[in-house]
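Take a look at the letters that make up each chain.
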Amino acid sequence: RFSAWERAPFSVHGPLVDGRIKPEVMAPGHDVASVAAGASSCGALRWESGTSQAVPLVAGAAALLAEYLRKGYVPSGMPSEDDAWKRRPTASTLRA
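Criteria and thresholds
Residues numbered from 1 in each chain as written. Predicted model: local features only at pLDDT ≥ 70, side-chain atom pairs only at ≥ 80, totals over all residues. Heavy atoms only, no water. Helix = DSSP H or I, 4+ residues; strand = E, 2+ residues; numbered from the N terminus. Buried < 20%, exposed > 50% of the residue type's maximum accessible area, 1.4 Å probe, protein only. pLDDT = per-residue confidence, 0-100. Phe/Tyr/Trp six-rings, centres within 6.5 Å; stacked < 30°, edge-to-face > 60°. Patch = residues over 30% accessible without salt bridge, like charges linked within 9 Å, V, L, I, M, F, W, Y side chains within 5 Å. Areas by Shrake-Rupley, 256 points an atom, 1.4 Å probe, with all protein chains shown as cover. Salt bridge = Lys/Arg side-chain N within 4 Å of Asp/Glu carboxyl O. 1 Å grid on protein atoms, 1.4 Å probe; cavity = no way out; pocket = protein on both sides within 12 Å on 5 of 7 lines; lining within 4 Å. Points joined across faces, edges and corners; volume = space filled by probe spheres on them. Contact = heavy atoms within 4.5 Å.

## So, the overall build of the chain
Helices and strands together make up the secondary structure of the chain, namely two helices and two strands. The N-to-C order of helical and strand elements in the chain reads β-β-α-α. Overall, the C-alpha framework of the chain stretches about 50 × 45 × 20 Å when taken along its three principal axes. Counting across all 96 residues of the chain, residues that qualify as buried make up 14%.

## Focus on the confidence of the model for the chain
Interpretation of this model should avoid reading the predicted coordinates in detail wherever pLDDT is low. Of all residues in the chain, 92% attain a pLDDT of 70 or more, and the chain-wide mean is 82. Least confident of the elements in the chain is helix H2 (residues 91–95), whose mean pLDDT is 81; most confident is helix H1 (residues 51–70), at 89.

## Regarding the packing of aromatic side chains
Inspection of the entire model under this criterion finds one aromatic pair. Seen from their ring centres, tyrosine 68 and tyrosine 73 are 5.0 Å apart, and the 15° between their planes marks the pair as stacked. The exposure class assigned to tyrosine 68 is partly exposed, which follows from its relative accessible area of 35%.

## Focus: a nonpolar patch on the surface
The grouping of Leu65, Tyr68 and Val74 at the surface amounts to a nonpolar patch, some 230 Å² of accessible area in total. Among the structural elements, valine 74 can be located in the loop between H1 and H2.

## Considering unusual backbone geometry
Most of the time, phi is negative for any residue but glycine, and the peptide bond is trans. The omega torsion across valine 74 and proline 75 is 10°, close enough to zero to call that bond cis. With respect to the helices and strands, proline 75 occurs in the loop between H1 and H2.

## Re the layout of surface pockets
Over the atoms, a rolling probe the size of a water molecule traces out where space has been left empty. Roughly 210 Å³ of internal volume is contained in the second largest pocket. Val25, Met26, Ala27, Leu57, Val58, Ala61, Ala62, Leu65, Ala91, Leu94 and Arg95 together form the lining of the second largest pocket. Elements with a contribution of two residues or more to the lining of the second largest pocket: H1 and H2. Examining the composition of the lining of the second largest pocket, we find that five residues originate from one element, H1, more than from any other.

## Side note on the pattern of salt bridges
A complete count under the given rule lists three salt bridges for this structure. Across the salt bridge formed by aspartate 18 and arginine 20, the nearest N and O atoms sit 2.8 Å from each other. Judged by relative accessible area, which is 44%, arginine 20 ranks as partly exposed. A salt bridge links arginine 46 to glutamate 48; the nearest nitrogen and oxygen atoms lie 2.5 Å apart.

## Quick look at the side chain of glutamine 53
With respect to the helices, strands and loops of the structure, glutamine 53 is situated in helix H1. Beyond its immediate chain neighbours, meaning those up to four positions away, glutamine 53 contacts Pro28, Gly29, Val32, Ser34 and Glu48.

Pasting the structure below:
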């Protein structure tokens, strides 16, 4: 098993030809416990690997961050109408 803090050896990484560093975002995607589908496997877990396991984690984190900004939790940690973002945060803002 790989550590959650290390990039899997099969994962692509930069720098790219144009100098950009990739990946911009990383999430655990190797040996992730996932619910097994099917009537006979009710509640059973199986270990899966790949982007199908990592993408939901990143998408959920981005959605939570967007909500945090829209509701004005920054900088106080409490929702504040004065600090709330009036526009939807862009993908580049969330990535930063």
